[in-house]
Amino acid sequence: MIYYMKLNTEPYELIKFGKKNIEMRLMDEKREKISIGDNIIFTNINTGEQLKTIVLNIFPFKNFEDLYRAFDKKRLGYSSEQDANPSDMEHYYKKEEIDKYGVVGIEIDLVE
């Protein structure tokens with residue numbers, strides 16, 4: 001299967017240049033269907049540029065706090081100087097949505 005997701009420029013570039021390989025999302029109905037081996041095509045919402053990735057693994061969690069504890073912050077797209085804070089994700093998702101659906105870390109790799 002192929003799935004399409006939109007990204008802001010910064011996380012898009014981090015994936016493009018191999019500095020992020022865990023995409024964090026709400027585990028809603030769309031993400032529940034994703035399986036290992038599926039492709040995700042990410043579109044930069046500012047430029048329209050696209051990246052094709054393959055799903056290597058799927059890591060479901062109750063919340064972003066648990067997800068952040070499970071991975072090195074660089075895999076999530078943070079630099080070594082940045083503070084990796086799970087509350088950053090509340091910029092994208094409401095607390096009620098996180099509580100209802102849970103979250104997922106999708107391990108990806110670029111497809112040439």
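Please refer to the structure placed before this passage.
Caption draft 1: Structural detail: the pattern of salt bridges. The final tally for this structure, using the stated rule, is 7 salt bridges. The salt bridge partner of Arg-25 is Glu-23, with a shortest N-O separation of 2.8 Å. Ionic pairing is found between Asp-66 and Arg-69, a salt bridge with its closest N-O pair at 2.4 Å. Here Arg-69 and Asp-66 lie together in helix H3 (residues 64-70), a separation of 3 residues that amounts to about one turn. When its relative accessible area of 25% is taken as the criterion, Asp-66 is described as partly exposed. One network of salt bridges, with partners in common, ties together Lys-20, Glu-23 and Arg-25.

Caption draft 2: The arrangement of the packing of aromatic side chains in detail. Tallying each qualifying case throughout the model produces 4 aromatic pairs. Here the aromatic rings of Phe-64 and Tyr-93 are separated by 6.0 Å at their centres, their planes lie at 15°, and the arrangement is stacked. Note that Phe-64 is positioned in helix H3 and Tyr-93 in the loop between H3 and helix H4 (95-101), a separation of 29 residues in sequence. Note on Tyr-93: relative accessible area 13%, which makes it buried. Relative to Tyr-78, the ring of Tyr-68 has its centre 5.8 Å away and its plane inclined at 65°; by these criteria the two rings are edge-to-face. Note that Tyr-68 is positioned in helix H3 and Tyr-78 in the loop between H3 and H4, a separation of 10 residues in sequence. Across the pair, exposure class does not vary: Tyr-68 and Tyr-78 are buried alike.

Caption draft 3: Just the side chain of Asn-39, in detail. By the element assignment, Asn-39 lies in strand S3 (residues 39-44). Here Asn-39 falls in the buried class, since its relative accessible area comes to 16%.

Caption draft 4: Focus on the pairing of strand S4 (residues 50-61). One ladder, built from 5 bridges, connects S3 with S4; its direction is antiparallel. Bridging across to S4, Asn-39 finds its partner in Ile-54. Adjacent in sequence and paired antiparallel, S3 and S4 are bridged by 5 residues, among which Gly-48 carries a positive phi angle near 85°. When S4 meets strand S5 (residues 103-110), the two strands line up antiparallel, connected through 8 bridges. Across the sheet, residue Pro-60 finds its bridge partner in S5, namely Val-104.

Parameters at a glance
Residues numbered from 1 in each chain as written. Predicted model: local features only at pLDDT ≥ 70, side-chain atom pairs only at ≥ 80, totals over all residues. Heavy atoms only, no water. Salt bridge = Lys/Arg side-chain N within 4 Å of Asp/Glu carboxyl O. Helix = DSSP H or I, 4+ residues; strand = E, 2+ residues; numbered from the N terminus. Buried < 20%, exposed > 50% of the residue type's maximum accessible area, 1.4 Å probe, protein only. Phe/Tyr/Trp six-rings, centres within 6.5 Å; stacked < 30°, edge-to-face > 60°. Pairing = 2+ DSSP bridges.

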